[in-house]
Amino acid sequence: EGEAPASGGYWNAEWPHSASLVVEETAGLRRDQEPVQVMVGVFADDIKKPENEVRIVTYDPTHPKAGADGWLVAPSQVTNVTIWRDEKLLNSEEKDPETGALVHRYDATTTIELVFFADVAPYEKKVYYLAYGNPKAEKIALESDLKITKGERLSQTVENEKYSFYLSVNSGSVETITIRGEGDPVLLEHKLETNGAVHWSPDIYSPPTPWVHISDWETPIFDQNHGPLLDRTRRYAPLPHMDSVVASVGYSFYAHKPYVIVSSFMEVGKDMFVQAMRNAEIVFNHEVLKEFVWEDALGKQQTMDVESARKHPIHALEIPADTPWMALVNRGKKVGLATIALEYANGNRYGHEPSEAQPYYYVQNGPWVYISRPLVYPFGGNNFTRMMPVRAGAYYHDKNAWIPFRFAKDDDPFA
């Protein structure tokens, strides 16, 4: 026996169907309007206009934005809808060999991909419902600070209240970053050589082919998914002058969030020899960023003055590939650009061991300052004349969060 609570129950009878989503916070941090991406398959006959009728709701009577009934509708954006309705397979007849009864094995399916903003306490498990099935529903107008200004070819400016990113004309790579928010805007850029981009890699140097980078792309495949909560660009192409190596790069920009998610993938189609293969490279001039800060394996903050560090071609600093976060900063202006490592994977589609030679991060101090993660890199050693193998089928993936930031106002400026 039990007694139903006085409130809660089902959210809204006008939305007759729902799928439950359990969100769990695992890092001990409070999540306020944290983007969560999900993919859910529902019966196709139960939904007509996913972009209009889907709602993400949770029962949270203590939330300041919850309704009088205790329910909260979370901001959400449908990013993709795919319908599977193979009539031949759906109408194929199959009988149970023992009973002769018809076997029902398939249903037409609508798969919905979306992002929603969740509020979750540290270590909390919280149930959100994807409600659907109301064909009369209209799309909700969402408050957003995300703005896209299109330029020539692939160029565009993506901005919110925290930052402004300019993507280059030919490659779509990040060319400049402006730190916004309180105080005067602060411009971070490179523009000292080649295409002048900030984001360079994946890249490969395999002589006699010249050194090539994704920032050298001229006409990559490009697409964009834009909405009030998320703007995502994707580029894909062989590396310039290197048809056997393909790469992709994605940028995910979110409303109201200080970070941008940067992901890349590279795959090698045939055996090759290289002097350099790198990833996760960010390049700036010395105009603003003067100091390098990182968290070491013991969780302690370390720092290095870039201007007085060892000069190119010697590496100013080498640190482990799994360093949790690092940043280039300016203590005078109280600004910086941080990168948080989310994931990376090196492998081989044919089952070989990964083609990698002790991956690590290094900082380079020349007319510019840059951070890069070598994968195979004899070029960075004392004897840079060696050529090392990369097997066919080798692949490299990474995902990082970039944060153009202003110092926190407490004892830890990098909080």
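Everything discussed here concerns the structure shown above.
Going along each chain's sequence as written, the residues are numbered from 1 onward. At least 70 in pLDDT is required for a residue's local features to be given in this predicted model, at least 80 for side-chain atom pairs to be given and counted, and no such filter applies to totals for whole chains, interfaces and linings, which use all residues. The side-chain quantities take in all heavy atoms of the structure and omit both hydrogens and water.

## Describing a nonpolar patch on the surface
Next up, step 1: A cluster of nonpolar side chains, namely Val 22, Val 127 and Tyr 129, defines an oily patch on the protein surface of about 240 Å² accessible area.
Next up, step 2: The way it works is that DSSP assigns letters per residue, a run of H or I at least four long becomes a helix, a run of E at least two long becomes a strand, and they are numbered from the N terminus. With respect to the element layout, Val 22 can be found in strand E1 (residues 17-24).
Next up, step 3: The cut-offs for exposure are 20% and 50% of the maximum accessible area for each residue type, with area from a 1.4 Å probe on protein chains only; residues under the lower value are buried, those over the upper are exposed, and the others partly exposed. With a relative accessible area of 57%, Val 22 lands in the exposed category. In this scheme, patches are assembled from residues that exceed 30% relative accessible area and form no salt bridge. Like charges are connected within 9 Å, while nonpolar side chains (Val, Leu, Ile, Met, Phe, Trp, Tyr) are connected within 5 Å. Accessibility throughout is a Shrake-Rupley quantity obtained with a 1.4 Å probe, and a residue counts as covered only by protein chains that appear here. Salt bridges, as used here, are contacts in which a Lys or Arg side-chain nitrogen is within 4 Å of a carboxyl oxygen on Asp or Glu.

## Examining the nonpolar core
A general feature of soluble globular proteins is that nonpolar side chains tend to end up buried together.
Next up, step 1: If you look at the biggest cluster of nonpolar residues, it comprises 58 residues, and the most contacted ones within it are Met 277, Phe 284 and Phe 292.
Next up, step 2: By residue number, the principal contributor to this core is strand E17 (residues 242-254), which donates six residues.
Next up, step 3: In this structure Phe 292 touches Gln 302, Thr 303, Met 304, Val 306, Leu 317, Ile 319, Met 326, Ala 327, Leu 328, Val 363 and Ile 371, once residues within four positions along its chain are discounted.
Next up, step 4: Take the buried Ala, Val, Leu, Ile, Met, Phe, Trp, Tyr and Cys residues and link them wherever side-chain atoms come within 4.5 Å; each set so joined is a nonpolar core. Membership of the second largest hydrophobic core comes to 19 residues, among which are Val 38, Val 42, Ile 56 and Ile 112. Only heavy atoms matter for contacts: two residues are in contact if any of them lie within 4.5 Å across the pair.

## A look at empty space enclosed by the protein
Next up, step 1: Buriedness of a pocket was judged along seven lines, with at least five required to meet protein on both sides within 12 Å; pockets are open sets of points on a 1 Å grid over the protein atoms alone, cavities are sets where a 1.4 Å probe fits but cannot get out, and lining residues have an atom within 4 Å of a point. Grid points are joined across faces, edges and corners, and a volume is the space filled by probe spheres set on the points. If you walk through the whole model with that rule in mind, you get one cavity of 30 Å³ or more.
Next up, step 2: In this model, the largest cavity occupies a volume close to 90 Å³.
Next up, step 3: Together, 14 residues line the largest cavity, and His 199, Ala 280, Asp 398, Asn 400 and Trp 402 are the ones closest to its centre.
Next up, step 4: Looking at the lining of the largest cavity, the elements with two or more residues in it are strand E18 (260-268), strand E20 (276-285) and strand E29 (394-406).
Next up, step 5: Classification used: nonpolar for Ala, Val, Leu, Ile, Met, Phe, Trp, Tyr, Cys and Pro, charged for Asp, Glu, Lys and Arg, polar for all others including Gly. Classifying every residue of the lining of the largest cavity gives seven nonpolar, six polar and one charged.

## What to know about the pattern of salt bridges
Next up, step 1: Evaluation of the coordinates by the stated rule reveals 17 salt bridges.
Next up, step 2: In this structure, Glu 291 and Arg 331 form a salt bridge, with 2.8 Å as the shortest nitrogen-oxygen distance. Here Glu 291, found in strand E21 (residues 291-295), pairs with Arg 331, found in the loop between strand E24 (325-330) and strand E25 (335-348); they are 40 residues apart in sequence, far enough to count as distant.
Next up, step 3: In this structure Glu 291 comes out as buried when scored by relative accessible area, which is 11%.
Next up, step 4: Residue classification places Arg 331 among the partly exposed positions, given a relative accessible area of 42%.
Next up, step 5: Linked by salt bridges that have partners in common, Glu 25, Arg 31 and Glu 34 make up one network.

## Comments concerning the side chain of Asp 119
Next up, step 1: Its place among the elements puts Asp 119 in strand E6 (residues 109-120).
Next up, step 2: When charges are counted, Lys and Arg contribute as positive and Asp and Glu as negative, whereas His and the chain ends are disregarded. It turns out Asp 119 is buried and unbridged, and the closest side chain with the opposite charge, Lys 126, is 5.6 Å from it.
Next up, step 3: Here a polar contact is taken to be a pair of N or O atoms separated by no more than 3.5 Å, where protein atoms must pair a possible hydrogen donor with a possible acceptor and residues adjacent in sequence count only if both atoms sit in side chains. A distance of 2.8 Å separates the side chain of Asp 119 from the side chain of His 63, its partner in a polar contact.
Next up, step 4: In this view, Asp 119 contacts Arg 31, Asp 32, Gln 33, His 63, Leu 72, Lys 126 and Tyr 128; residues no more than four positions away in its chain are not counted.

## Some details on the sheet that holds strand E9 (residues 156-159)
Next up, step 1: Spatially, E8-E9-E10-E11-E12 is the arrangement adopted by the five strands of the open sheet, whose pairing is antiparallel. Only two strands of the sheet have a single neighbouring strand rather than two, namely strand E8 (147-150) and strand E12 (186-189). Put simply, the sheet's adjacent strands are angled 15° from each other on average, direction ignored.
Next up, step 2: Paired strands, as defined in this entry, are two strands with at least two bridges between them according to DSSP. As paired strands, E9 and strand E10 (residues 163-167) are joined by four bridges and run antiparallel to one another. Its bridge partner lying in E10, Val 158 is registered against Phe 165. Axes here mean lines fitted to C-alpha atoms, for a helix over just the part in contact, with angles spanning 0 to 180 degrees between N-to-C directions.

## What to know about the sheet that holds strand E26 (residues 360-365)
Next up, step 1: The strand order E14-E13-E20-E27-E26-E23 describes an open sheet built from six strands, whose pairing is antiparallel. Edge positions in the sheet fall to strand E14 (212-213) and strand E23 (317-320), since each of these pairs with one other strand and no more.
Next up, step 2: In terms of strand pairing, strand E13 (residues 203-205) meets E14 through two bridges, oriented antiparallel. Counterpart to Asp 203 in the pairing with E14 is His 213.

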